[in-house]
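Architecture at a glance
What follows is the residue order along each chain.
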Amino acid sequence: MTVTTHSKSVERPANTANGVLMLLVGLVLTFGGPLVVPLNIDNVALVVGGIATGVIGLFLLCGLYSLQPNEGSAILLFGDYRGTDRKTGLRWVLPWYTRKKISLRVRNLTSDKLKVNDKKGNPIEIAANVVWRVEDSAQALFDVDDFQQFVNIQVDTGLRDMASHYAYDHGEEHELTLRADAEDVAARLREELVGRVKVAGVVIDEARIAHLAYAPEIASAMLKRQQAEAVLAARQLIVRGAVGMVESALNDLGERGVVELDEDRKAAMVSNLLVVLCADREAQPVVNTGTLYG
């Protein structure tokens, strides 16, 4: 069985020339050559030379191309890669060389909303915003079929894989979650994407979660659970504060000698204060005309 190995392309500088000088030469030859023909119509050699000079001028002008900042041009000779020109301005190369331009600018990609399952199996909706750029033009042009589509697909694949390793918002103790640990999750996503798009000569500068929500079919139930947890947390805080207030009140009464309370009276006082402090409604005063034991 024959195993085919992938040959990695590597960007290298192309051998090109300044286009301004070649533009001037090409214009002189293009227009100067034909001007000789009417003046020497009887001289066959000069006529042929003038026409040939004009053709050569046009031929030289065909080798001109321009590059903007953060733009490159891959130079090929009959399909053979000869280097990438990154120098801006008007450039020139022999006309029989093929030129393929590629943008080296930073690009921003917002993925589609994906419906995936988190670590606990809950269906969620997630999308990412990725900032990327081409670092190696040879790999981007020749090692993958369409590097932009390749990046789009790898972002979706990497996002699905990353989301399956985290719970949405209720992980185990000390476990990262998608909602509460956005910075750590973004770092993990970036690392995941860097390895996936490296073959295309692409660099990931930044990756962030742009959208995160429960899927519509469970969103209502999860909202009720979050509300219940919020109420429970608030109750715990109220009870903790009320216990502290009761303890402080009993200590103050004892230190100041305002009233002597035995264990039964203390228990009754604690019960009444906790009811007053923890109740949802305002307490209704009750006048007791008897005694605690009567």
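Now for a look at the structure at hand. Keep in mind that what you see is a predicted model, and the values were worked out from it rather than measured.

**Side note on the overall build of the protein chain**
In terms of helices and strands, the protein chain carries seven helices and ten strands. Of all 294 residues assigned to the protein chain, the portion counted as buried reaches 32%. Taking as baseline every contact in the protein chain between residues at least 6 positions apart, the subset at least 24 positions apart corresponds to 70%. Approximately 18,600 Å² of the protein chain is accessible, and the part contributed by carbon and sulfur atoms is 57%.

**Structural notes on the packing of aromatic side chains**
Under the counting rule described, the total for this entry stands at three aromatic pairs. Plain terms: the ring middles of W132 and F147 are 6.3 Å apart, the flat faces sit at 75° to each other, and that makes the pair edge-to-face. You can see W132 sitting in strand β9 (residues 123-134) and its partner F147 sitting in helix α4 (residues 147-163), a full 15 residues away along the chain. Its relative accessible area of 4% is what places W132 among the buried residues. Judged by its relative accessible area of 9%, F147 falls in the buried class.

**Things to note about the environment of L176**
The residue L176 is located in the loop between α4 and α5 (182-197) in this model. Residue classification places L176 among the partly exposed positions, given a relative accessible area of 30%. What L176 contacts, discounting residues up to four positions off in sequence, is Y166, A167, D181 and D184.

**Remarks on the nonpolar core**
In terms of nonpolar packing, the biggest core is built from 37 residues, with V130, W132 and M162 touching the most fellow members. For this core, the secondary structure elements donating two or more residues are β3 (71-77), β8 (114-117), β9, α3 (137-142), α4, α5 and β10 (202-214). The greatest single-element share of this core, amounting to seven residues, is contributed by α4. Every residue in contact with V130, bar those within four places of it in the chain, is listed here: R107, N108, L109, V155, L193, I204, E206 and A207. Within the second largest apolar cluster, seven residues are counted, among which are A14, Y65, I75 and Y97.

Parameters at a glance
- Residues numbered from 1 in each chain as written.
- Predicted model: local features only at pLDDT ≥ 70, side-chain atom pairs only at ≥ 80, totals over all residues.
- Heavy atoms only, no water.
- Helix = DSSP H or I, 4+ residues; strand = E, 2+ residues; numbered from the N terminus.
- Buried < 20%, exposed > 50% of the residue type's maximum accessible area, 1.4 Å probe, protein only.
- Contact = heavy atoms within 4.5 Å.
- Areas by Shrake-Rupley, 256 points an atom, 1.4 Å probe, with all protein chains shown as cover.
- Phe/Tyr/Trp six-rings, centres within 6.5 Å; stacked < 30°, edge-to-face > 60°.
- Core = buried A, V, L, I, M, F, W, Y, C linked by side-chain atoms within 4.5 Å.

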